[in-house]
Amino acid sequence: MKKPLLVITMLVVLFLAVTQSVWAFSDTKNDPNDAKITELQKRGILNGNASKNDQFAPNGTLTYAAGITMLVKGLGLNIDDLRFFKKPEVSDSFSMMKNDAWYADTFIIAAYNSLDLARDTNPAANMTREQFAHHLYKALIRSGDFAFDDLGVVLKDEADVNPTFMGSIQTLITTHIIGIDASQKFNPKAAITRSEAAGWLYNTIKFVEDQPSMPVEQPDSSPLFDVKLTTTAVNNDVNAVTVSAQAPNPGYGVRISSISFEGDQAIIYVEPTYPDKDKMYPQVITEVKAVTYVSSAFKPVLGVSGNSIGGSTGIIGDNGTSAADSDGTATSAAENQ
């Protein structure tokens with residue numbers, strides 16, 4: 001009776017050993033983020049490098065292509081609730097990217113989820129710690145409405161931080177998603193390693209899973225006024241349509257909620273986005289904008305429905321970016337179902 005039991009025990013041990021080896025990268029054993037990297041691999045978020053799929057290269061630098069792919073997959077971002085009048089192409093939003101690139105779908109999703117990526121983003125460029133932190137925060141807030149502490153930490157190298165990224169970095173530090181070194185430095189301009197990025201992403205996923213999402217209370221009437229619309233030709237087939245509005249403070253924004261087509265008209269419905277209740281904003285009138293793309297066969301007009309808002313003529317943005325930024329600008333090129 002003991003022999004069959006011994007065989008079963010050996011089979012179980014062998015099974016566990018094989019299972020662990022299937023999920024473990026061969027070069028992360030002594031890495032401080034080994035367990036987090038392995039868990040992300042089990043979830044299908046991380047893959048090995050192209051030439052050696054069993055290796056993760058934890059000490060290697062992280063490219064924009066790999067980093068944004070990690071964020072989109074890790075936080076489950078998608079465009080499933082959007083309906084397009086034409087197939088979206090990555091080149092519509094990013095001038096340096098090819099439509100047949102392996103990362104193309106990822107960056108299309110990133111653009112429509114407002115990860116604040118510049119139009120001239122180079123997918124082969126290495127990401128710095130501050131850049132990854134900023135895009136990580138943008139991905140986090142697309143995953144739910146969370147309550148964040150407004151307490152900040154003193155960084156000894158604060159002067160080195162891009163001011164645009166400071167709010168994102170402070171929020172991630174106070175939520176213990178990322179940390180600073182013993183000398184209270186963040187080292188914002190240093191290239192982030194693949195290991196560090198994986199560790200931050202894992203911490204963010206756990207934060208989303210562990211923290212209750214807070215409902216956002218919205219007033220019945222729109223806070224936006226002087227809503228205007230402008231149409232600019234992109235090419236012979238497509239027009240860029242910009243909706244601009246005045247808001248009470250920089251915390252507000254405007255987004256395209258849906259587009260309907262009636263006859264030769266593309267009726268564009270927009271709605272406000274609301275300030276973070278845990279943040280303070282200067283009470284100054286601020287222009288906010290949203291951009292969408294419509295076939296030139298249709299005449300864009302503003303529609304009014306429920307809490308949506310309407311108006312006429314406006315201004316297109318200067319920077320050509322395709323994502324939300326700190327002034328409330330947002331971009332969309334699709335219709336909500």
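Residues numbered from 1 in each chain as written. Predicted model: local features only at pLDDT ≥ 70, side-chain atom pairs only at ≥ 80, totals over all residues. Heavy atoms only, no water.

## Side note on the nonpolar core
Logical step 1: Membership of the largest hydrophobic core comes to 59 residues, with the highest contact counts inside it found for I68, F107, F132, L136, I178 and L201.
Logical step 2: For this core, the secondary structure elements donating two or more residues are α2 (34–42), α3 (64–74), α5 (104–112), α6 (129–141), α7 (163–174) and α8 (194–210).
Logical step 3: Ignoring sequence-local partners within four residues, the contact set of L201 consists of L40, I45, M70, L71, G74, L75 and L136.
Logical step 4: Listed in part, the 19 residues of the second largest apolar core include V227, I268, Y274 and L302. (Core = buried A, V, L, I, M, F, W, Y, C linked by side-chain atoms within 4.5 Å. Buried < 20%, exposed > 50% of the residue type's maximum accessible area, 1.4 Å probe, protein only. Helix = DSSP H or I, 4+ residues; strand = E, 2+ residues; numbered from the N terminus. Contact = heavy atoms within 4.5 Å.)

## So, the pattern of salt bridges
Logical step 1: The full count for this structure, using the stated rule, is seven salt bridges.
Logical step 2: Measuring nitrogen to oxygen at the nearest pair gives 3.1 Å for the salt bridge that ties E39 to R43.
Logical step 3: Residue classification places E39 among the partly exposed residues on the basis of a relative accessible area of 26%.
Logical step 4: Under the relative-accessibility criterion, R43 is labelled partly exposed at 36%.
Logical step 5: Across the salt bridge formed by E196 and R129, the nearest N and O atoms sit 2.8 Å from each other. Linking E196 in helix α8 with R129 in helix α6, this pair joins segments that are 67 residues apart in sequence.
Logical step 6: Owing to a relative accessible area of 25%, E196 belongs among the partly exposed residues under this scheme.
Logical step 7: It is possible to trace a salt-bridge network through shared partners that takes in E39, R43, K206 and E209. (Salt bridge = Lys/Arg side-chain N within 4 Å of Asp/Glu carboxyl O.)

## Side note on the environment of A110
Logical step 1: Residue placement: A110 occurs in helix α5.
Logical step 2: For the pair A110 and I68, spaced 42 residues apart in sequence, the C-alpha to C-alpha distance is 7.5 Å.
Logical step 3: Those residues within four positions of A110 in sequence are excluded, and the remaining contacts are I68, V72, L115 and L117.

## A short note on the packing of aromatic side chains
Logical step 1: Following the criterion strictly, the structure yields twelve aromatic pairs and no others.
Logical step 2: Centroid distance Y137 to F148: 6.1 Å. Interplanar angle 55 degrees. Geometry classified as tilted. Note that Y137 is positioned in helix α6 and F148 in the loop between α6 and α7, a separation of eleven residues in sequence. Comparing Y137 with F148 shows no difference in burial state: the two are buried. (Phe/Tyr/Trp six-rings, centres within 6.5 Å; stacked < 30°, edge-to-face > 60°.)

## Structural notes on the environment of P32
Logical step 1: On the secondary structure map, P32 appears in the loop between α1 (2–23) and α2.
Logical step 2: Separated by 167 residues in sequence, P32 and G199 have C-alpha atoms that sit 8.9 Å apart.

## A closer look at unusual backbone geometry
Logical step 1: Phi is positive for S114, which is not a glycine, with a value near 55 degrees.
Logical step 2: By the secondary structure assignment, S114 is in the loop between α5 and α6.
Logical step 3: Positioned with a positive phi, Q184 is a non-glycine residue whose angle comes to about 60 degrees.
Logical step 4: Among the secondary structure elements, Q184 is positioned in the loop between α7 and α8.

## Points about α5
Logical step 1: Most of α5 is tucked away, with eight of its nine residues classed as buried.
Logical step 2: Buried residues of α5: A104, T106, F107, I108, I109, A110, A111 and Y112, and no others.
Logical step 3: Lining the buried residues of α5 we find α3, β1 (82–83) and α4 (90–93).
Logical step 4: With its phi angle positive at about 55 degrees, S114 sits one or two positions after the end of α5.

## Observations concerning α6
Logical step 1: Given a rise of 1.5 Å per residue, 13 residues ought to cover 18 Å, and the 19 Å separating the end C-alpha atoms of α6 matches this to within 8%.
Logical step 2: R129, E130, F132, A133, H134, H135, L136, Y137, K138, A139 and L140 are the residues of α6 that are buried.
Logical step 3: Residues of α6 that are buried in the fold lie against α3, α7 and α8. (Expected span 1.5 Å × (residues − 1).)

## Concerning the confidence of the model for the chain
Logical step 1: Put simply, the chain has an average pLDDT of 81, and 78% of its residues get 70 or more.
Logical step 2: Counted against residues more than four places away or in other chains, residues 11–21, with its pLDDT under 50, gives zero contacts.
Logical step 3: Taken together, the stretch residues 305–337 has pLDDT below 50 and engages in 117 contacts with residues farther than four places along the chain or on a different chain. (pLDDT = per-residue confidence, 0-100.)

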